[in-house]
Amino acid sequence: MELDRGRLLPAAPLRFRIPAFDAEAVTVLSLYPGISARAARALLDDERVRGAVMLSFGVGNPPDANTELMQVLEEAVARGVVIVNRTHCLYGKVDQGTYATGHTLTRIGVTPGGDLTLEAAFAKLHFLLALETSPEQIRSLMLQSMRGEIQGPAADWLSLNRVAGIKVFSSGSY
C-alpha cells in the first residue's frame, strides 16, 4: 500500500498546553427504543455535565416521536450543554439532514458528529470544554478537523475507505 501524502496534515508549530480537565464534564447518552425522558434527564441535568456524546440510530436519527425526550435535549442545549450526535453504527456518518427525525436535532441545536468515532468525539469534546470556549464555538470546532479525527464530505470518506482497502457498497463507480 502506498501512502497518500495528500491526506497528511500540514506541519505546524508545536503549541503544547494541558488545559484544566474535569472528568465529569462529558457524558455519553445512548439512545435506544423506549428510552425515557427521565433517563436522559438523569444524565444531562447534572450541573457538572457540560457536554454529551449522544448515540443515535442510522445516520443520526432519534426517536423524535418521544416528545418528552426531545424536550429534555432541547432544554440541555438551551442551558449550554453541547450535545454531539454520533451514530450507533460501526461504519458511516451522521447526516442530520437525511431524514426529518435527524432534522429535529438540528432544529434544537444538537451538533452532528459526522464520522467521528465515539472515542474521538468524547476526547475532543473534553478538550474543547477544558479550553473554556463558548458552547457556540465548541459546536463549530466539533465540525472541523483539528488532528485528522473527522473527515470532509462523503466523497472524501469513501475515498479514505478505498485507500484503507475497505469495501464500500455504493451506486458510484470506483
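Visitor: Would you mind going over helix α4 (residues 118-130) with me for this structure?
Guide: For the α-helix, the turn length of 3.6 residues means that residues three or four positions removed from each other point alike. When the terminal C-alpha atoms of α4 are compared, their 18 Å separation across 13 residues agrees well with the 18 Å that a helix rising 1.5 Å per residue should span. Of the positions making up α4, those classed as buried are Ala120, Ala121, Lys124, Leu125, His126, Leu128, Leu129 and Ala130. Contacts from the buried residues of α4 go to β1 (26-30), β2 (51-56), β3 (82-87) and α5 (135-142). Phi turns positive one or two residues past the end of α4, at glutamate 132, with a value near 60°.

Visitor: Help me out: how do you make sense of the nonpolar core in this one?
Guide: The nonpolar side chains of soluble globular proteins are, as a tendency, buried together. Counting residues in hydrophobic clusters, the biggest one holds 19 residues, and the most contacted among them are Leu29, Leu44, Met54, Leu73, Ile83, Leu105 and Val110. Mapped onto this core, the elements with two or more residues apiece are α1 (37-44), β2, α2 (67-78) and α3 (100-108). The element contributing the most residues to this core is α2, with six residues. When near neighbours in sequence (up to four residues on either side) are disregarded, leucine 29 contacts Ile35, Ala40, Leu43, Leu44, Val53, Met54, Leu55 and Leu73. Among the nonpolar cores identified, the runner-up in size contains 14 residues, and Val84, Ala121, Leu125 and Ile150 belong to it.

Scoring rules and cut-offs
- Residues numbered from 1 in each chain as written.
- Predicted model: local features only at pLDDT ≥ 70, side-chain atom pairs only at ≥ 80, totals over all residues.
- Heavy atoms only, no water.
- Helix = DSSP H or I, 4+ residues; strand = E, 2+ residues; numbered from the N terminus.
- Expected span 1.5 Å × (residues − 1).
- Buried < 20%, exposed > 50% of the residue type's maximum accessible area, 1.4 Å probe, protein only.
- Contact = heavy atoms within 4.5 Å.
- Core = buried A, V, L, I, M, F, W, Y, C linked by side-chain atoms within 4.5 Å.

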